[in-house]
Amino acid sequence: MGKIKRIGVLTSGGDAPGMNAVVRAVTRTALANGIDCIGIRRGWQGLINGDFIQLSRASVGHLLSKGGTILYTARSEEFMTEAGRQKAVYTCKMLGLEGIVAIGGDGTFRGALELSRLGVPVVGVPATIDNDVGCTNYTIGFDSACNTAIECIDKLRDTMQSHERCSVVEVMGRNAGFLALYVGTAVGATAVLVPEHKMNFEEDVLERIRESRLAGYTHFMIVVAEGAGNAFEIGDRIKEALGINPRVTILGHIQRGGAPTGRDRETATRMGFYAVQAFAEGRGNCIIATQEGSIVELPIEEALTRTKHLQMDRYKIMQVMQFGTSHPFDEF
Ligand code: F6P
């Protein structure tokens, strides 16, 4: 690839705090390398539709503390089709886009791989609050979403304590328990339910509440990942078994908003920088990932084969903190 002159940048999938910081870093790094930067709005669908804005140093100013994405995001059924992707290729040809920086999760990167196979180089930057992208230790937005959930649950604990009640809180995370485990540990939950550990209601919920009560507590906090079960059903089962009346809170999309934390802003800035450096140095078709604190480039096809699993050592630590409970881990 000769010296690249113009790239596009887009955000795709569920938005995450810190996406704007990536857009800012991509734009400023591109301009510093003499590369023009075009913002594609509304994800892959925007590339199909030719929905774009010119980005400049000024237009990405004051973004670091802004949640969401100025480029909007969307999920695109049309891009899942060869015809849709071909339209996206024509947009790249029309606008002279020699590469695309795609900011999103694993679904975004699967689309990126298909586009790269049609000759458009792509560099992916992992950004989703779920932290469930297999090739990277960390995805931008995870720390911000966790801190939002922690703040909400700390507030819930105040009122649960006052009324001596049980709270069942559902957090996001799609099919993974990374968010629930991190948050559950940080708030000292009575029980944490994650999809990676098949729930034994008696063991994982009722026994945890009993141990807490026997230790003198009169309020209880159950954190459940949305992929592990329905918080309302769990509340009903607790009520039926123990005769208490849990209050259920679904944190939902509040976890997706808010100002990104310093960790997300700083990580986003570095990842955005390295994404453009790859293009500037003649590389593409890779994912910018964190591995043990360092930032690395992984070929996109290899990156999509990587998987990661819930850190079972951390799950065990969380259980020990629940009054020393620790039972054998049958499977993960
Ligand atoms: O992938 C991020 C995420 O927030 C998941 O945690 C959640 O399950 C999903 O997006 C919700 O998707 P939507 O915003 O389309 O309702």
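Up top you'll find the structure we're talking about.
Overview of the structure. Please read all numbers here as calculations on a predicted model, not as lab measurements. (Residues numbered from 1 in each chain as written. Predicted model: local features only at pLDDT ≥ 70, side-chain atom pairs only at ≥ 80, totals over all residues. Heavy atoms only, no water.)

## Some words on the packing of aromatic side chains
Test applied: Only centres within 6.5 Å qualify two rings of Phe, Tyr or Trp (six-membered ring in Trp) as a pair; their planes then separate them into stacked at under 30 degrees, edge-to-face at over 60, and tilted for everything else. We count a stretch as a helix when DSSP gives it H or I for four or more residues in a row; a strand needs E for two or more, and each element gets its number in order from the N terminus. Think of it in three bands: residues with accessible area under 20% of the maximum for their type are buried, residues over 50% are exposed, and the middle band is partly exposed, with areas taken using a 1.4 Å probe on protein chains only.
Counted according to the given criterion, the structure contains 4 aromatic pairs. With a centroid separation of 4.5 Å and an interplanar angle of 0°, the aromatic rings of Trp44 and Phe79 are classed as stacked. Remark: Phe79 occurs in the loop between β3 (52–54) and α3 (82–95) and Trp44 occurs in helix α2 (residues 43–49); sequence separation between them is 35 residues. Residue classification places Trp44 among the buried positions, given a relative accessible area of 5%. Ring centres of Phe142 and Tyr182 lie 5.5 Å apart, and the angle between their planes is 75°; on these two criteria the pair is classed as edge-to-face. Placement of the pair is Phe142 in helix α5 (residues 142–163) and Tyr182 in helix α6 (residues 178–187), with a sequence separation of 40 residues. Under the relative-accessibility criterion, Phe142 is labelled buried at 6%. One aromatic cluster is present, formed by Tyr138, Phe142 and Tyr182 through successive ring pairs.

## Let's talk about the pattern of salt bridges
The criterion, for reference: Each reported salt bridge corresponds to a side-chain nitrogen of Lys or Arg within 4 Å of a carboxyl oxygen of Asp or Glu.
Counting across every chain of the model gives 18 salt bridges. Salt-bridge contacts for Arg42 lead to Asp51; the nearest nitrogen and oxygen are separated by 2.5 Å. Of the charged contacts in the structure, one is a salt bridge between Arg174 and Asp132, with a shortest N-O distance of 2.9 Å. In this pair, Arg174 sits in the loop between β6 (166–171) and α6 while Asp132 sits in the loop between β5 (122–126) and α5, placing the two residues 42 residues apart along the sequence. Shared partners join several salt bridges into a network, and the residues in it are Asp106, Asp130, Asp132 and Arg174.

## Considering a nonpolar patch on the surface
Put simply, the rule reads: Within this analysis, patches are made of residues with over 30% relative accessible area and no salt bridge. Like charges are joined at 9 Å or less; nonpolar side chains (Val, Leu, Ile, Met, Phe, Trp, Tyr) at 5 Å or less. A 1.4 Å probe and the Shrake-Rupley method give the accessible areas. Residues count as covered only by the protein chains that appear here.
Together, Ile317, Val320 and Met321 line one region of the surface with nonpolar side chains, adding up to about 290 Å² of accessible area. Classification of Ile317 as partly exposed rests on a relative accessible area of 46%.

## So, the side chain of Thr29
Selection rule: Within 3.5 Å is the distance limit for a polar contact, defined as a pair of N or O atoms, with the added protein rule that one can donate a hydrogen and the other accept it, and that residues adjacent in sequence qualify only through two side-chain atoms. Should any heavy atoms of two residues lie within 4.5 Å, those residues are considered in contact.
Considering the arrangement of structural elements, one finds Thr29 in helix α1 (residues 19–32). Overall, the relative accessible area of 8% leaves Thr29 in the buried class. Among the polar contacts listed, one links the side chain of Thr29 to the backbone oxygen of Ala25, at a separation of 2.6 Å. Once residues lying within four places of it in the same chain are set aside, the contact partners of Thr29 are Phe273, Val276 and Gln277.

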